[in-house]
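# Architecture at a glance
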Amino acid sequence: MFYAIVGQDVPDSLDKRLAARPAHLERLHALQAAGRLLLAGPFPAVDGNDPGLAGYSGSLIVAEFDSLADAQAWAGADPYVAAGVYASVAVKPFKKVLPA
């Protein structure tokens, strides 16, 4: 089943994000290589693809896991959590409808 992982950033998270980004992306690439990643990306803090120094307000990851507990464990081990980028992380079951 798919699960949506939504991380909400702490204020002024950009420097922490940049430092932890390689390790964060490495885990996402592993999910992608396993065919389990549906989509992933950050929420720009301003209306635009490149928010510059405004940074990001959070992230969304939608990926396949065996259970909610597995998704929560994976999310809890994210380098952004360890680096203090996220103020909170929510994990919810996700049902993909479209595109089919």
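Up top you'll find the structure we're talking about.
Here we summarise the structure given alongside this text. (Residues numbered from 1 in each chain as written. Predicted model: local features only at pLDDT ≥ 70, side-chain atom pairs only at ≥ 80, totals over all residues. Heavy atoms only, no water.)

## Examining the overall build of the protein chain
Within the protein chain, the regular secondary structure consists of 3 helices and 4 strands. Taken from N to C terminus, the helices and strands of the protein chain fall in the order β-α-β-β-α-α-β. Over its C-alpha trace the protein chain gives a radius of gyration of 13 Å, about what one expects of a compact globule, namely 13 Å for 100 residues. With the C-alpha coordinates aligned to their principal axes, the bounding extent of the protein chain is approximately 35 × 30 × 25 Å. Residues counted as buried form 30% of the 100 residues belonging to the protein chain. Once local pairs closer than 6 in sequence are excluded, the contacts in the protein chain between residues at least 24 apart make up 73%. Surface summary for the protein chain: the accessible area is close to 6000 Å², and the carbon and sulfur share equals 58%. Computed over 8 positive and 10 negative side-chain charges, the separation of the two mean positions in the protein chain equals 6 Å. (Helix = DSSP H or I, 4+ residues; strand = E, 2+ residues; numbered from the N terminus. Rg over C-alpha atoms; globule rule 2.2 N^0.38 Å. Buried < 20%, exposed > 50% of the residue type's maximum accessible area, 1.4 Å probe, protein only. Contact = heavy atoms within 4.5 Å. Areas by Shrake-Rupley, 256 points an atom, 1.4 Å probe, with all protein chains shown as cover. Lys, Arg positive; Asp, Glu negative; His and termini not counted. Charge placed at Lys NZ, Arg CZ, Asp CG, Glu CD.)

## Examining unusual backbone geometry
Residue Leu98 is joined to Pro99 through a cis peptide bond whose omega torsion reads -10 degrees. Structurally, Pro99 can be placed in the segment after strand 4 (86–94). We note that Asp12 has phi near 55 degrees; this positive angle belongs to a residue other than glycine.

## Re the sheet that holds strand 2 (residues 37–44)
Taken in spatial order, the 4 strands make up an open sheet running 2-3-1-4, and their pairing is antiparallel. In this open sheet, the two strands that pair with only one neighbour each are strand 2 and strand 4. Across the sheet, the mean angle separating the axes of adjacent strands is 10 degrees when strand polarity is ignored. Of the strand pairs in this sheet, strand 2 and strand 3 (residues 56–64) are connected by 7 bridges, and their pairing is antiparallel. (Pairing = 2+ DSSP bridges. Axes fitted to C-alpha atoms, helices over the stretch in contact; angles between N-to-C directions.)

## Some words on the pattern of salt bridges
Following the criterion strictly, the structure yields 2 salt bridges and no others. Among the salt bridges present, the one from Arg17 reaches Asp9, with a minimum N-O distance of 2.7 Å. Arg27 is paired through a salt bridge with Asp78; the nearest N and O atoms lie 3.9 Å apart. Residue Arg27 is found in helix 1 (residues 14–33), and its partner Asp78 is found in the loop between helix 2 (68–76) and helix 3 (79–82); the two are separated by 51 residues along the sequence. Like Asp78, Arg27 is buried. (Salt bridge = Lys/Arg side-chain N within 4 Å of Asp/Glu carboxyl O.)

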